[in-house]
Amino acid sequence: MVATRFTKLALATVLSLVAASDALLTNPLRTTISRDIKTPDPVPQAGIDEAVSLMQTGRMYRYNIGKGEESVVSQCEVEIAEYTGHKYCVALNSCGSAIMLMMKTAGLQPGDEVLSNAFTFGAVPSAIEHAGGKAVYVESDYNHCMDIEDLHKKLEAHPNCKFCLISHMRGKLADMDAVKEACDKHDVILLEDCAHSLGVEWNGVHSGHVGKVAAISSQSYKMINSGEGGFLLTDDPEIAAKTAVYAGAYEGLSSKHITVPGPEVFGDLPTRIPNYSVRMSNVAAAIIRPQIKTLDERRAKYNERYAFVTKKLVERKGHLLSIPVNTPGMTPVHDSLQFNLSHDITNEQVQKFLDETAAHGLPVELFGHSSNARNFVNWGFAPADEPLPLTGKMLSRACDVRLPLMWDDQDFSDMVDVLCESLDAAMGEGDSVME
């Protein structure tokens, strides 16, 4: 009798171990990431040394120098202009200031309508409001670009609109030839927000040359990092001169610039337009300069990692997500990852996916989340007057993940695992971790 009880207990123990083993095979241990997804690119030592040297001298103000070429900001402007291929460059305290000034210098008057992407960061409609304009939003498609068909519709519906501010959100360019053709047809001035597209090319030319003016950013999560900062780029001499004066080149300080036109263009501008004091400091420029030299090297590294991550995601979860397609003619810089979840996934499952990724060290942002500053419903200061169904539907499934340069290759394998395992958990599906 005792032997029988022992046999039954032993059998039950064996069966329990087998069941546990099967469970481990079908539900492998979850991958967790311990690194910070918002790790920015570090400042090279040369930038740190030059910034410290400036602080030791106290000459942090761009105009506290003898000649223009002695200014670190002027040197930085020359190097940025050489990289992008623009004739004129004015360094500013933020890209938001650059976007605001490119509208004002292009001739925007209070109350003028400005066409812009319905999918962009809230700083763009903020800059339109800051400049005194009224935003009119153009639908964005599932490639996260301005929808050309809707651009034509909005141009027809708003015949008094004279400005189109296109935002290359997350470095993704629309068909810029088609955008320019549509704008030219309606005598609309095209302006380019290139905050996310430093290093991105259109038909072999750096982004920002199809429009009349462009703005780039050196905010911490961009390709150059000075914490905050921006540059206005143009080949138009009058716009460049006005920008320098608006930025703070009062009296004769324009002579201490290198990448602006001559004094004959400035004329009496310093007495006719206000000084907004939105200049870049020498310290910010010192931090930026060595980063310009490594842009192409870092672009290659970002794109290599992006190709790895997207390939693995599509292989494993292509039935549940899609990757935005680059517009033909565009040479990208993929310093972040975007993907669109399938509309077969319910809202509840989407939230479960977001919860699962966050719980395993990889907070994924949903562009359409009720709190996301890239969701047009949150722009109460510049609300949409017309429905935007295509953009709204796209944003409800569009996800965003940074690709930190300082992470190791294994971290990106882990990223794929966390994304796929979190989808499994949300959908009740099974998948094996990546080898």
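A short tour of the structure in this document, coming up. On a predicted model such as this, the values are computed, not experimentally measured, just so you know.

Taken together, Ile48, Val52, Met55 and Met60 make up a surface patch of nonpolar side chains, about 310 Å² in accessible area. Here Met60 is to be found in the loop between α2 (45-57) and α3 (72-84). Its relative accessible area of 34% is what places Met60 among the partly exposed residues.

Once that is clear, we can look at the sheet that holds strand β5 (residues 189-193). Spatially, the seven strands line up as an open sheet ordered β1-β9-β8-β5-β4-β2-β3, and their pairing is mixed. The sheet is open, and its two borders are formed by β1 (88-92) and β3 (134-138), each paired with just one other strand. Taking the axes of each pair of neighbouring strands and ignoring which way they run, one obtains an average angle of 20° across the sheet. Pairing between strand β8 (residues 213-217) and strand β9 (residues 230-234): five bridges, direction antiparallel. Paired with Val213 across the strands is Thr234, a residue of β9. Its contacts with the sheet put helix α4 (residues 95-105) on β1, β2 (113-117), β4 (163-167), β5, β8 and β9, and the angle it makes with β8 is roughly 170°.

Attention shifts here to the packing of aromatic side chains. Summed over all chains, the structure comprises six aromatic pairs. Here the aromatic rings of Tyr61 and Tyr63 are separated by 5.5 Å at their centres, their planes lie at 90°, and the arrangement is edge-to-face. Taking relative accessible area as the criterion, Tyr61 reaches 33% and is therefore assigned partly exposed. With centroids separated by 5.2 Å and ring planes inclined at 20°, the aromatic side chains of Tyr246 and Tyr276 adopt a geometry described as stacked. With a gap of 30 residues between them, Tyr246 in helix α8 (residues 237-247) and Tyr276 in the loop between α10 (269-272) and α11 (282-292) connect regions that are remote in the sequence. Here Tyr246 falls in the buried class, since its relative accessible area comes to 9%.

With that out of the way, let us pick up the side chain of Glu77. Following the sequence through the fold, Glu77 ends up in helix α3. With residues up to four places along the chain from it excluded, the contact list for Glu77 reads Arg62, Cys89, Val90, Ala91, His257 and Thr259.

Further remarks concern the pairing of β2. Counting buried positions over the five residues of β2 gives four, a clear majority of the element. Alignment of β2 against β3, held across five bridges, turns out to be parallel. By the bridge assignment for β3, Val114 is matched with Ala135. In this fold, the crossover linking β2 to β3 by way of helix α5 (residues 123-131) has right-handed handedness. Examined bridge by bridge, β2 and β4 share three bridges and lie parallel to one another. Looking across to β4, one finds that Leu115 is bridged to Cys164.

Moving on to α11. A large share of α11 lies buried, amounting to eleven of its eleven residues. When α11 is considered as a whole, its buried residues turn out to be Asn282, Val283, Ala284, Ala285, Ala286, Ile287, Ile288, Arg289, Pro290, Gln291 and Ile292. Next to the buried residues of α11 lie α2, α3, β9 and α12 (295-317).

Quick look at the packing of α12 against helix α15 (residues 409-427) now. Direction vectors running N to C along α12 and α15 enclose 25°, while the axes themselves pass 10 Å from each other. As far as their axial angle goes, α15 and α12 are roughly parallel. The element α12 and its partner α15 pack so that their crossing is right-handed. Packed against α12, whose contacting residues are Arg305, Phe308, Val309, Lys312, Leu313, Arg316 and Lys317, the element α15 presents Asp409, Phe412, Ser413, Met415, Val416, Asp417, Leu419, Cys420, Leu423 and Asp424 at the interface.

Between helix α6 (residues 148-157) and helix α7 (residues 176-185), the least distance of the axes is 10 Å, while the angle of their chain directions is 10°. Considered as vectors, α6 and α7 are oriented roughly parallel to each other. Residues Ile148, Leu151, His152, Leu155 and Glu156 of α6 touch α7, and the partners they reach there are Ala178, Val179, Ala182, Cys183 and Lys185.

What follows is about α4. Burial analysis of α4 places nine of its eleven residues in the buried class, the great majority of the element. Along α4, the residues classified as buried are Cys95, Ser97, Ala98, Ile99, Met100, Leu101, Met102, Met103 and Thr105. Regarding α4, its N-cap is Ser94, as a side-chain oxygen of that residue lies 3.4 Å from the backbone nitrogen of Gly96 further along. Within two residues after α4, Gly107 carries a phi angle of roughly 110°, on the positive side.

The rules behind each value
- Residues numbered from 1 in each chain as written.
- Predicted model: local features only at pLDDT ≥ 70, side-chain atom pairs only at ≥ 80, totals over all residues.
- Heavy atoms only, no water.
- Patch = residues over 30% accessible without salt bridge, like charges linked within 9 Å, V, L, I, M, F, W, Y side chains within 5 Å.
- Areas by Shrake-Rupley, 256 points an atom, 1.4 Å probe, with all protein chains shown as cover.
- Salt bridge = Lys/Arg side-chain N within 4 Å of Asp/Glu carboxyl O.
- Helix = DSSP H or I, 4+ residues; strand = E, 2+ residues; numbered from the N terminus.
- Buried < 20%, exposed > 50% of the residue type's maximum accessible area, 1.4 Å probe, protein only.
- Pairing = 2+ DSSP bridges.
- Axes fitted to C-alpha atoms, helices over the stretch in contact; angles between N-to-C directions.
- Contact = heavy atoms within 4.5 Å.
- Phe/Tyr/Trp six-rings, centres within 6.5 Å; stacked < 30°, edge-to-face > 60°.
- Right-handed = clockwise from strand over helix to strand, strands pointing away.
- Parallel < 35°, antiparallel > 145°, perpendicular 65-115°, else oblique.
- Left-handed = near helix turned anticlockwise from the far one by under 90°.
- Polar contact = N/O pair within 3.5 Å; in protein donor to acceptor, adjacent residues only side chain to side chain.

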